[in-house]
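# Structure assessment
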Amino acid sequence: MTSLLVIIVLVLLAVALWQLTKIFDLTQVGSNRDTSEVATDDDNNVQGYIMFTFLAFLYIFTIYGLFKWGPLVLHTPASEHGEDVDFLMNITWVLIFIVQAITQALLHYFAFKYRGKKDQKALYFADNNKLEALWSVIPAVVLAGLILYGLYAWTNIMFVDEDEDTIVIELYAQQFNWKARYSGEDNVLGKANVRLIEGVNSLGVDMADPYSQDDIVVTELHIPIGKKVHFKMRSQDVLHSAYFPHFRAQMNVVPGMVTEFAFTPVFTTAEYRELPYMIEKVAHINDLRAKKSVELVAKGETALDPYAFDYLLLCNKICGASHYNMQMKVIVDTPEDYKKWINEQALLVTQVKEANATPVPAIDGATKMDSTKGADTTVVAKMAMK
């Protein structure tokens, strides 16, 4: 509501200023004004100084933005390839800032220096081979360097050797949640097809495939530190994007095809929580939440829970009304904790069998048979008597 009121006030202010300019024009009717619509030296001087004012605003706002929002960018990467991505990004930012600062200063300086003046004629020449070569070769070399380094980094990130020791996990996207399917002891995912989706088999896994017999489906992703994880991604409905911000990983999830990405975690969740910058960030967030909770409690509402950091898998494509809520918690464990956790998970084939198990009908009102405990004694006795 506050934002709406601010917008309304700004619109009304703009209308008021527009009306004032019309009133000012009416007051000038009949006065001795220059209506030739030809720019004078005074007009050109004013425009030149306005350009310099805009240049100052551009630089001041850039510097302000760096100090104001600079700390909000992602900090320490949590994957091996994250440093390469950050290095490439930082080089790009530095080059952009340098080029922007130089070119904008030259643009506004020359626009002011050679502004229109009475009896002054512009110097015209058709071409200058040296200048053209200079401003063509330098950008070409810089861009070629960035592109080549980017391709080198991308190849290193995306290449997964078939003989490499990895963990294969499928990420399954659907509006508006994620599911993960582990490939089990054979490290091979069973076949899947959306036509096979039924009941607990929400990923459409082909249960007749031998490789599906040890697959595990979960809604919370666990991965071990120091082990490369090879993700294979599918979408059930629309275009999604699997985004691991702290791992510097992102890949579109496209209906009808399988996309892939791999990375190696270098910090467990517990270790990342203990990084100095993260401790400071969490403390700041909880301070804000505590202040907000005071307001909520005063209104009779529930206070906010304290925030604790967790890695997240997000959707980075606007995939529908609840896109903002499409996320899954990611926990990086030690190898021992990961092994313990994975051993505690139920196999998908077991869940499907249990869901499809048909209970034995009761006889003469007797209790139904329980396949795990044997036949009910009452039923056995009656069958024996018969």
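Presented here is a report on the structure given in the accompanying data block. (Residues numbered from 1 in each chain as written. Predicted model: local features only at pLDDT ≥ 70, side-chain atom pairs only at ≥ 80, totals over all residues. Heavy atoms only, no water.)

For the rest of this paragraph, the subject is the sheet that holds strand 8 (residues 259-263). Pairing between the strands of a sheet comes from backbone hydrogen bonds, and it takes one of two forms, parallel or antiparallel. Reading across from one edge, 3-2-1-5-8 is the order of the 5 strands in this open sheet, with mixed pairing throughout. Each edge of the sheet is formed by a strand with only one pairing partner; in this case those strands are strand 3 (216-218) and strand 8. The mean inter-strand angle of the sheet, taken between neighbouring strand axes irrespective of direction, is 25°. As paired strands, strand 5 (residues 229-235) and strand 8 are joined by 5 bridges and run antiparallel to one another. Paired with Met 233 across the two strands is Thr 259, which belongs to strand 8. (Pairing = 2+ DSSP bridges. Helix = DSSP H or I, 4+ residues; strand = E, 2+ residues; numbered from the N terminus. Axes fitted to C-alpha atoms, helices over the stretch in contact; angles between N-to-C directions.)

Attention now goes to the pattern of salt bridges. Taken as a whole and judged by the stated rule, the model has 11 salt bridges. Its salt-bridge partner being Glu 170, residue Arg 181 comes within 3.0 Å of it at the nearest N-O pair. Taken together, the residues span a long stretch of sequence, with Arg 181 in strand 2 (residues 177-182) and Glu 170 in strand 1 (residues 167-174) at a distance of 11 residues. Judged by its relative accessible area of 1%, Arg 181 is buried. What makes Glu 170 buried here is its relative accessible area of 5%. (Salt bridge = Lys/Arg side-chain N within 4 Å of Asp/Glu carboxyl O. Buried < 20%, exposed > 50% of the residue type's maximum accessible area, 1.4 Å probe, protein only.)

Relative orientation of the contacting elements helix 2 (residues 41-69) and helix 3 (residues 82-113) amounts to 165°, with a least axis distance of 8 Å. Comparing their axes, helix 3 and helix 2 come out roughly antiparallel. The handedness of the crossing between helix 2 and helix 3 comes out as left-handed. In this structure, helix 2 contributes Gly 48, Tyr 49, Met 51, Phe 52, Phe 54, Leu 55, Leu 58, Tyr 59, Thr 62 and Leu 66 to the contact, and helix 3 contributes Phe 97, Gln 100, Ala 101, Gln 104, Ala 105, His 108, Tyr 109, Ala 111 and Phe 112. (Parallel < 35°, antiparallel > 145°, perpendicular 65-115°, else oblique. Left-handed = near helix turned anticlockwise from the far one by under 90°. Contact = heavy atoms within 4.5 Å.)

For the rest of this paragraph, the subject is the packing of aromatic side chains. One pass over the full model with this rule turns up 26 aromatic pairs. Geometrically, the ring pair formed by Tyr 109 and Phe 110 is edge-to-face, given 5.3 Å between the ring centres and 70° between the ring planes. The class of Phe 110 is partly exposed, set by a relative accessible area of 39%. An aromatic cluster is defined as three or more aromatic residues linked by ring pairs; in this entry it consists of Phe 231, Phe 244, Phe 247, Phe 263, Phe 267, Tyr 272, Tyr 277, Phe 309 and Tyr 311. The side chain of Arg 115 reaches across the aromatic face of Phe 112, ending 4.0 Å from its centre. (Phe/Tyr/Trp six-rings, centres within 6.5 Å; stacked < 30°, edge-to-face > 60°. Lys NZ or Arg CZ within 6 Å of the ring centre and 35° of its normal.)

Now for the sheet that holds strand 7 (residues 249-253). What the 5 strands build is an open sheet, ordered 4-10-9-6-7; its pairing is mixed. At either end of the open sheet lies a strand with only one pairing partner, and these are strand 4 (221-224) and strand 7. Taken over all neighbouring pairs, the strand axes of this sheet differ in orientation by 25° on average, direction set aside. Bridge count for strand 4 against strand 10 (residues 327-333) is 4 bridges, and the pairing is parallel. Along strand 10, the bridge assignment pairs Ile 223 with Val 332. Sheet contacts for helix 7 (residues 335-344): strand 4 and strand 10; angle to strand 4, the most-contacted strand, approximately 140°.

Now for unusual backbone geometry. Residue Phe 176 is reached from Gln 175 by a cis peptide bond, and omega for that bond is 0°. Along the chain, Phe 176 turns up in the loop between strand 1 and strand 2. Even without a glycine there, the phi angle at Asn 187 is positive, about 60°. Looking at the element boundaries, Asn 187 is found in the loop between strand 2 and strand 3. Judged by its relative accessible area of 28%, Asn 187 falls in the partly exposed class. You will see that Arg 248, though not glycine, has its phi angle at about 55°, which is positive. Assignment of secondary structure puts Arg 248 in the loop between strand 6 (240-244) and strand 7. A relative accessible area of 12% places Arg 248 in the buried class.

Any link to function would need more than the numbers given here.
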